[in-house]
Amino acid sequence: MIAEALRAAHSVEDPACRASALTTVATHSAPADQGWLADEVIASARTCTDPLDRLWALAGICIVASQERRTAVAAEIFALLPTLPDGEKRSGAEALGCASIGADSSDLLKTARRIQHEPARAAFLETVIPQLAAPQRAAALTLVAGLMDAELRESPLLALVEVGPPDLLPRVLDEVARLPADVLRARVLGQIADRLPPELVSRALAAAQSITDECGRAHLLGAAAALDGAENPGALLSDALENAWRIAVPTDRVDALLCIARALDPDSRDRLHRDVFALALNTPIDAGRPYALRVLSQEVQPPVLHRVVAAAVETARSPEAPGVLYWSLIQAAAFASPLQRVALLEEALRHARSVRKPYERAFALASVATAVPAADRSAVLREAVTVESTLAEVEATNAERLALRVAKLIPPPALARTATIVAEVRRENGRPYGLEEIIRLVPRQTVMDGLTALGAELAPYPRQQVLGSIALYLTGEARDHAMSMVLADPTHCYGRRALVRQALHLWPGTPGPAEMDILRRCWDGTDLDTCLYTAAAALTILHRAGGDAAVDECLRAADDVRRWWPRLAAEDIYLPPSLST
């Protein structure tokens, strides 16, 4: 079996995918064979044309490599890190951290100090903190506190709370209290509250008193009230509920109330769950009702659970609901009663069979197969394969054939998430969680072919929306090609807006020169409307880059345009129905 797997790995054309396949073979091989297999992985990784792919391919072998080889690979990755674009250095630093397994704690801290790019240094610290010996974690805290961008401190601070030691926690809590933004401070305090010893809970609550953000304060107070030994938990819960009900965004309000419900006694919890259910039902579909019902279904018990699942299914069947029905039914089935689950999966299967296009039907059937009982799974998968085999006899576009080729490369757990990802990249302000991992599984040439097919087969608006949503998740030549397609027409704002919306998620800290260059390219040569729409989407990034002064200057420029440029009539401006103004 190992010999057959090795032959299959050698047959993979893409260097990064071949290195990954060889690494998998090495992890299942005898120790005597792992040395020469590690050499093959390294040789394949070094042929990767994209530097970030090369770093991750090299890092993967450190699972089975000797300490001497791991040290050499880590040194090679560190030398390559400065050559990456700023937007990829954070991921490169994570690869460096993974490659540093077993390294001396002092050496790891020296490496962290030598990383000049702040987001990369924060990512490296987050990765290696669990590997550090207890005495070196205090030095790591000093490095974390020295990060200029406060948002970059969040994940390393959480890692320090997770691993301790206990005598370091007071200093970590002091650093959390120094975080400047209300939302950030509340988020971190809420996540660490249940990990603090009783003597530090009062200090966490003291830090919470300065938080004015209702959402963050509600989360924190709710988490603190649930702790053993919390002083006056009734008052904490009352304050938390008061803040939670004042939250304006419905989905944030639901999240906060469910957090508080965990700290209540059973009767009070049931009453609050019923109130949240009523809130979810009164939330418009486009304002987050599907999300509210989904998270509520993870918290409640029968008989309320059965009503929540029924409401979620009814919402999913609405023409206004985002995503595809069979996937929404699969999600609802996960929390349904046994009888409901059978009925929902049967409906999902019927819906999957009714999908018109053969390639989409094969994909839908494969998705349903991941959720049905094991005894039925083979039959559904065979049906999906049968549909796929008929594609040679029907007309299928290049994009459809590529989709099936990609589906064969993706393991079932990741494949089950792709329906949600596809729906998110087509939706304005969508957040395609997991897209990075999916793209890493696909050979570079297939990605390039897919971009070409998107350009040829989609209408202008969906093409721009999809390309803008995925461009920043790509690397190297694929990213450049997607960016050029997004920016090719200076009169289209859709792709630029989608790209900037994803940048808000992918650039949490202060944007560097490479990120600012991408923003500049979004504005180059655009007409007035495209410039203003893109600027409106980018205001948060501009604030991270230059603070209030940058935003004020941008708004002054927009006001000057409004006063001096003739205003277009509403009928002269076309926007698709889903695009907010």
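Residues numbered from 1 in each chain as written. Predicted model: local features only at pLDDT ≥ 70, side-chain atom pairs only at ≥ 80, totals over all residues. Heavy atoms only, no water.

1. A few points about the overall build of the chain
- In terms of regular secondary structure, the chain is built from 33 helices and zero strands.
- Out of the 581 residues belonging to the chain, those deemed buried represent 49%.
- Carbon together with sulfur atoms contributes 56% to the accessible area of the chain, which is approximately 27,800 Å² in total. (Helix = DSSP H or I, 4+ residues; strand = E, 2+ residues; numbered from the N terminus. Buried < 20%, exposed > 50% of the residue type's maximum accessible area, 1.4 Å probe, protein only. Areas by Shrake-Rupley, 256 points an atom, 1.4 Å probe, with all protein chains shown as cover.)

2. Examining the packing of helix α30 (residues 476-487) against helix α32 (residues 513-523)
- At a minimum axis separation of 10 Å, α30 and α32 run at an interaxial angle of 30°. By the angle between their directions, the pair α30 and α32 is classed as roughly parallel. The handedness of the crossing between α30 and α32 comes out as right-handed. Contacts between α30 and α32 pair Arg479, Met483 and Leu487 from the former with Ile518, Arg521 and Cys522 from the latter.
- In terms of residue class, the contact of α30 with α32 is built from four nonpolar, no polar and two charged. (Axes fitted to C-alpha atoms, helices over the stretch in contact; angles between N-to-C directions. Parallel < 35°, antiparallel > 145°, perpendicular 65-115°, else oblique. Left-handed = near helix turned anticlockwise from the far one by under 90°. Contact = heavy atoms within 4.5 Å. Nonpolar A, V, L, I, M, F, W, Y, C, P; charged D, E, K, R; others polar.)

3. Description of the side chain of glutamate 175
- By the secondary structure assignment, glutamate 175 is in helix α11 (residues 169-177).
- Take glutamate 175: its relative accessible area is 16%, and that puts it in the buried class.
- Not counting residues within four places of it along the chain, the set of residues in contact with glutamate 175 comprises Leu141, Ala145 and Leu157.

4. Comments concerning the nonpolar core
- Counting residues in hydrophobic clusters, the biggest one holds 53 residues, and the most contacted among them are Ile77, Leu96, Phe124 and Val172.
- Here valine 172 is in contact with Leu141, Leu157, Leu160 and Val161, once residues within four sequence places are set aside.
- Grouped together as the second largest cluster of nonpolar side chains are 47 residues, Leu258, Ala261, Leu293 and Val308 included. (Core = buried A, V, L, I, M, F, W, Y, C linked by side-chain atoms within 4.5 Å.)

5. A few points about the packing of helix α9 (residues 134-145) against α11
- Here α9 crosses α11 at 5°, and the two axes come no closer than 11 Å. Between α9 and α11, the crossing angle belongs to the class labelled roughly parallel. The residues of α11 that touch α9, namely those facing Ala138, Leu141, Thr142 and Ala145, are Arg171, Val172 and Glu175.

6. A closer look at the confidence of the model for the chain
- For the chain, the mean per-residue pLDDT works out to 75, and 73% of the residues sit at or above 70.
- Within the model, pLDDT remains below 50 along residues 391-396, and this stretch shows nine contacts once partners closer than five positions in the same chain are excluded.
- Here residues 567-581 scores under 50 on pLDDT; set against residues more than four positions off or in separate chains, the count is 20 contacts. (pLDDT = per-residue confidence, 0-100.)

7. Things to note about the environment of valine 128
- With respect to the element layout, valine 128 can be found in helix α8 (residues 118-128).
- You can call valine 128 buried: its relative accessible area is 1%.
- A sequence separation of 25 residues divides valine 128 from alanine 103, and the C-alpha atoms of the two residues are 9.5 Å apart.
- Setting aside its immediate chain neighbours within four residues, valine 128 contacts Gly97 and Leu108.

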